[in-house]
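Coordinates in review
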Amino acid sequence: MSDRSPLTLGAYTLAAILALFELAVLWQALNPNVSADYRAYYIDRTTTCLPQPVTGEYALGTELDFRSEGDETRELRPCGWTGPAGDGTHSVGETSRLRFAVDANGPLTLMLELTGVTLPGPAQQRVLISANGQDIGEIAVTPDKTERFAISIPANALDDDGFVDIKLDYPDAISPGKRVSNTYWRSVKLTAASLSPA
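All of these numbers come straight from a predicted model, not from anything done at the bench.

1. As for the overall build of the chain
- Along the backbone of the chain there are two helices and 10 strands.
- Mapped in sequence order, the helices and strands of the chain form the string α-α-β-β-β-β-β-β-β-β-β-β.
- Taken against the 2.2 N^0.38 rule, which gives 16 Å for 198 residues, the C-alpha radius of gyration of the chain at 24 Å runs more than 25% over that of a compact globule.
- Counting only C-alpha atoms, the chain reaches 85 × 45 × 30 Å along its principal axes.
- Summarising the internal contacts of the chain: among those between residues at least 6 apart in sequence, 66% fall at separations of at least 24.
- As displayed, the chain offers around 11,300 Å² of accessible surface, 53% of which is attributable to carbon and sulfur atoms.
- The averaged location of the 25 negative side-chain charges in the chain is 9 Å from the averaged location of its 16 positive side-chain charges.

Right, here's the structure in full:
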């Protein structure tokens, strides 16, 4: 060791520092410190819906039109929807979300007006609905038939953060073509929605 030059020792030291840096990067890659939503969408692939920040601005009891000529609903749709069209706002993926900023502490009623997509698939589309992470119901939507559904949201499903986050899961979502990622599967079209005191 004593006969090695300072230049050689410096090279070994630099190689050791680079190796430690690469190990640290590898550790971060294998154990990323990311949000639960990011992990579910990009890493675990347990959801097709990566929520984007929205205000959720909403007047309790207002019925909104989700068609292209209807109300501006962008700030209520964090993920899982295409832009509004003439026949409604189409779901995309296996999950969609709606976010309502409301000041309520009692039970609520969620109204959804939905139409099933007409792609070849099951006779009905099941939609599993939850509010702030609590299951509140399951409905069945028929292709090319527009129906209104009223779903009760119990008071204990409301959070103190001032938001009601609605999640719609589509276990029967349909792939629109061969080799199409599940982030583009289709299920329903939303034409109207409201959240009202029960």
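2. Let's talk about the sheet that holds strand β6 (residues 125-131)
- Across the sheet, four strands lie side by side as β4-β9-β6-β7; this open sheet has antiparallel pairing. Since the sheet does not close on itself, it has two edges, and those belong to β4 (95-101) and β7 (134-141), each with one partner. Averaged over all pairs of adjacent strands, the angle between their axes in this sheet comes to 20°, without regard to strand direction.

3. Overview of the packing of aromatic side chains
- Using the criterion set out here, one finds three aromatic pairs in the structure.
- Between tyrosine 38 and tyrosine 42 the ring centres are 4.7 Å apart and the planes differ by 45°, which places this aromatic pair in the tilted class. Of this pair, tyrosine 38 and tyrosine 42 both sit in helix α2 (residues 36-43), four residues apart, which is roughly one turn of that helix.
- What makes tyrosine 42 partly exposed here is its relative accessible area of 42%.
- Residues tyrosine 41 and tyrosine 42 carry aromatic rings whose centres are separated by 4.8 Å and whose planes lie at 85° to one another, so their mutual orientation is edge-to-face.
- By relative accessible area, which is 22% here, tyrosine 41 ends up partly exposed.
- Through a chain of ring-to-ring contacts, the aromatic side chains of Tyr38, Tyr41 and Tyr42 assemble into a single cluster.
- Sitting over the face of the ring of phenylalanine 163, arginine 99 holds its NZ or CZ atom 3.8 Å from the ring centroid.

4. Section: the state of the cysteines
- Evaluated as defined, the whole model comprises one disulfide.
- Here cysteine 49 connects covalently by a disulfide to cysteine 79, the sulfurs 1.8 Å from one another. The S-S bond linking cysteine 49 to cysteine 79 shows a torsion near 95°; that makes this disulfide right-handed. On the criterion of sequence distance, the pair formed by cysteine 49 in the loop between α2 and β1 (64-65) and cysteine 79 in the loop between β1 and β2 (81-85) is long-range, its members being 30 residues apart.
- Take cysteine 49: its relative accessible area is 1%, and that puts it in the buried class.

Rules of the game
- Residue numbers restart at each chain and count upward from 1, following the sequence in its written direction.
- With the structure being a predicted model, the display of local features is reserved for residues of pLDDT at least 70 and the display and counting of side-chain atom pairs for 80 or more, all residues being used for whole-chain, interface and lining totals.
- Water and hydrogen atoms play no part in the side-chain values, which are based on all heavy atoms of the structure.
- Starting at the N terminus, helices and strands are each numbered in turn, a helix being any DSSP run of H or I of at least four residues and a strand any DSSP run of E of at least two.
- The reference for a compact globule is 2.2 Å times residues^0.38; the radius of gyration itself is calculated from the C-alpha atoms.
- Any pair of residues with heavy atoms lying within 4.5 Å of one another is described as a contacting pair.
- All accessible areas in this document rest on Shrake-Rupley with a 1.4 Å probe, and a residue is counted as covered only by the protein chains that are shown.
- Under the counting rule used here, the positive set is Lys and Arg, the negative set is Asp and Glu, and His together with the chain ends is not counted.
- Here the site of a charge means atom NZ of a Lys, CZ of an Arg, CG of an Asp or CD of a Glu.
- Strands pair, by our definition, only if DSSP identifies at least two bridges between them.
- Lines are fitted to the C-alpha atoms to define the axes, a helix being fitted only along its stretch in contact, and any angle between axes, read from their N-to-C directions, falls within 0 to 180 degrees.
- For Phe, Tyr and Trp, rings pair up if their centres lie within 6.5 Å, where Trp contributes its six-membered ring, and each pair is then called stacked (planes under 30 degrees apart), edge-to-face (over 60) or tilted (otherwise).
- Only protein chains enter the area calculation, which uses a 1.4 Å probe; residues under 20% of their type maximum are buried, those over 50% are exposed, and those in between are partly exposed.
- In our convention, an over-ring charge means Lys NZ or Arg CZ found within 6 Å of a ring centre and within 35 degrees of that ring's normal.
- Two cysteine sulfurs form a disulfide in these notes if their separation is within 2.5 Å.

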